[in-house]
Every structure is written in C-alpha cells, then in structure tokens.
Amino acid sequence: MQSVSFTYPNSKVQIQVNDWQVKQGERIFLHGKSGSGKTTLLNLLSGILTPEQGSITILDEPFSALSESKRDRFRARHIGVVFQQFNLVSHLSVAQNIQLAAHFAGNKNLDNARLTALLIALQLPLDVLNKKARQLSVGQQQRVAIARALVNEPEILLVDEPTSALDADARDAFMTLLIELCEVHSTTLIFVSHDAALSDYLTTRVSVEDLFASVETSSC
Ligand SMILES: Nc1ncnc2c1ncn2[C@@H]1O[C@H](COP(=O)(O)OP(=O)(O)OP(=O)(O)O)[C@@H](O)[C@H]1O
C-alpha cells in the first residue's frame, strides 16, 4: 500500500496508510480497537473498496487501478476472503458454494478428489457436501468458508474474526489447521481478530492504530 487514503461517504473517519508492504508467505495478526478500521483495511486489500488516493499493488499488479471487472477476476483467482458472517449462500449445498468460488475464478478443473481432500484437511465430515449451508453448525460454516476461500489455492488469504463463535478447543484446532494449510501453499495470511491469544499462531503482529498513526507522524 502506498500513500493510501479512504473515507466513507458522510464520515469523518479517514483511513490513511503511508507505506505498508507484506512479504509473500507472511502471516499477519492484524489487531486494533473496535471501529479502528480493520475490516475497512481488509476490504481495501480485497478490492471491495478502492482508495481515494494512493495505490495498492498485489503480486506486482496495480490492483487498485484495475477496472472493477478486472479487480473482481483478480480477487477470484488470487485472494481468498473469509468474512465475519461467512457469506455462504444459505440455500445452496456446501458443494455448490465451493464450486461457485471455483467457477468465478475460471477454475474448471475442480475435481471431487480435490474437494474431498480439502474437507478432510479441514476435518469436515464428507456428508456435509450435500447439505445446505444453512443446515450446518456455526463451526462447520466457518470451515466451509475457509474451504471456499482456499479452493482456488490463492496466494493471499484475508480472514476477519473467523473464530468468534468457537469454544477454546475448537478455536485452537481450527487455527492449527488454518496455519498448516497456509504453510503447505505458502499462502500470505492477513488475519483480523480481537483475540490476542491467537497472535501466537501468526508470525507478525500489526496494530492498525500504529499503521494509521505512522502516516500522521511521517506527514508532519
Ligand atoms: N459502510 C460504512 N459507512 C460509513 N462508515 C463506516 C462504514 N463501515 C464502517 N464505517 C466506520 O469506519 C470505521 C472503521 O470501521 P471498521 O468496520 O473498519 O472497523 P473495525 O476495526 O473492523 O471494527 P470491529 O473491530 O468493531 O469490527 C468505524 O468508525 C465505522 O463506524
């Protein structure tokens, strides 16, 4: 991110990042107070929002300068996103939810073996494939959201508070799996959570307040 600024319409809150670089394969624990701008930052990195000024370069592509359709295609191919609310299509089966993500990425080679391997890696029973997303427990929905985000083997994974509904044991099991999957594929992970205990699973801690404050210091 280079000299990025963003303000929501009718809002006084401005998000500014002077210079932020993330290395390939880095696993970042992004934390900060409620309302400090973590989700907004993830939305800028996923291209759901675009900066008013400055630029976001991802995998050497001028990501924030791409047209909306090119940005959507780039996201589908290279960036996995797991939102707080998972955003599964509730009336579709788990298999259909995952296949939809593969379809948007132009991934025509999603075979059943790969789908099965992903579910096993996430410790999901295989019979969930035919269940509707709305029939799953919250913990299962979280794992399916991760499976959907990983199905295209993205270089980058953006995850927003994925463990908030899990108990401590389920949370630790989930984190171990997530990190293992990221290690296997050298996935760059940006992980937002209020749960400081989870930072042990990640390699780098970044506070959004510091990230945003560094702009004010350097621009004075
Ligand atoms: N669509 C929107 N329109 C206007 N203001 C918004 C919008 N979404 C968020 N904001 C404001 O932008 C600021 C940053 O919000 P954001 O959701 O990024 O924070 P956060 O750090 O993710 O918060 P939390 O930890 O509570 O999820 C807040 O002041 C919020 O009220």
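See the structure printed just above.
What counts and how
Residues numbered from 1 in each chain as written. Predicted model: local features only at pLDDT ≥ 70, side-chain atom pairs only at ≥ 80, totals over all residues. Heavy atoms only, no water. Pairing = 2+ DSSP bridges. Helix = DSSP H or I, 4+ residues; strand = E, 2+ residues; numbered from the N terminus. Axes fitted to C-alpha atoms, helices over the stretch in contact; angles between N-to-C directions. Expected span 1.5 Å × (residues − 1). Buried < 20%, exposed > 50% of the residue type's maximum accessible area, 1.4 Å probe, protein only. Contact = heavy atoms within 4.5 Å. Polar contact = N/O pair within 3.5 Å; in protein donor to acceptor, adjacent residues only side chain to side chain. Parallel < 35°, antiparallel > 145°, perpendicular 65-115°, else oblique. Left-handed = near helix turned anticlockwise from the far one by under 90°. Nonpolar A, V, L, I, M, F, W, Y, C, P; charged D, E, K, R; others polar. Near = heavy atom within 4 Å. Areas by Shrake-Rupley, 256 points an atom, 1.4 Å probe, with all protein chains shown as cover.

Tell me about the sheet that holds strand S6 (residues 156-160), and name the residues and values.
Across the sheet, which stays open at both edges, the 5 strands sit in the order S5-S6-S7-S3-S8 with parallel pairing between neighbours. Each edge of the open sheet is held by one strand with a lone partner, namely strand S5 (79-82) and strand S8 (204-207). Strand after strand, the sheet turns through a mean of 15° between neighbouring axes, direction not considered. When S5 meets S6, the two strands line up parallel, connected through 4 bridges. Within S6, the residue paired with Gly 80 across the bridge is Leu 157.

Provide a residue-level description of helix H6 (residues 168-185), including the pertinent values.
Taking 1.5 Å of rise per residue, the 18 residues of H6 would be expected to cover 26 Å, and the 26 Å separating its terminal C-alpha atoms lies within 8% of that figure. Considered for burial, the residues of H6 that qualify are Arg 171, Phe 174, Met 175, Leu 177, Leu 178, Ile 179, Leu 181 and Cys 182. Turning to H6, the residues buried within the fold contact strand S3 (27-31), helix H4 (112-121), helix H5 (138-150), S6 and strand S7 (188-192). Two residues or fewer past H6, Ser 186 is found with a positive phi of approximately 50°.

Could you give an account of the sheet that holds strand S1 (residues 2-7), naming the residues involved and the relevant values?
If you trace the 3 strands from one edge of the open sheet to the other, you get S2-S1-S4, paired in antiparallel fashion. The two strands at the open ends of the sheet, each matched to only one other strand, are strand S2 (14-19) and strand S4 (53-55). Adjacent strand axes in the sheet meet at a mean angle of 25°, parallel and antiparallel pairs treated alike. The pairing of S1 with S2 spans 5 bridges and is classified as antiparallel. Bridging from a neighbouring strand, Gln 2 pairs with Asp 19 of S2.

Break down the side chain of Arg 143 for me, citing the residues and quoting the values.
One can find Arg 143 in helix H5. A distance of 2.8 Å separates a polar atom in the side chain of Arg 143 from the backbone oxygen of Leu 122.

Tell me about the packing of helix H3 (residues 94-104) against H5, and please be specific about residues and values.
Between H3 and H5, the least distance of the axes is 8 Å, while the angle of their chain directions is 30°. One way to sum up the angle between H3 and H5 is to call them roughly parallel. Once H3 is placed against H5, the crossing between them reads as right-handed. Along its contact with H3, which presents Val 94, Asn 97, Ile 98 and Ala 101, the element H5 presents Val 144, Ala 147 and Arg 148. Of the residues that constitute the contact of H3 with H5, the class distribution is 5 nonpolar, 1 polar and 1 charged.

Summarise the site of the ligand; cite the residues concerned and give the values.
Close to the ligand lie Tyr 8, Val 13, Lys 33, Ser 34, Gly 35, Ser 36, Gly 37, Lys 38, Thr 39, Thr 40 and His 194. Gly 35 places a main-chain nitrogen or oxygen 2.8 Å from an oxygen atom of the ligand. Between the ligand and Lys 38 there is a distance of 2.7 Å, counted from an oxygen atom to a side-chain nitrogen or oxygen. If the ligand stood free it would expose 640 Å²; the protein chains cover 61% of that surface.

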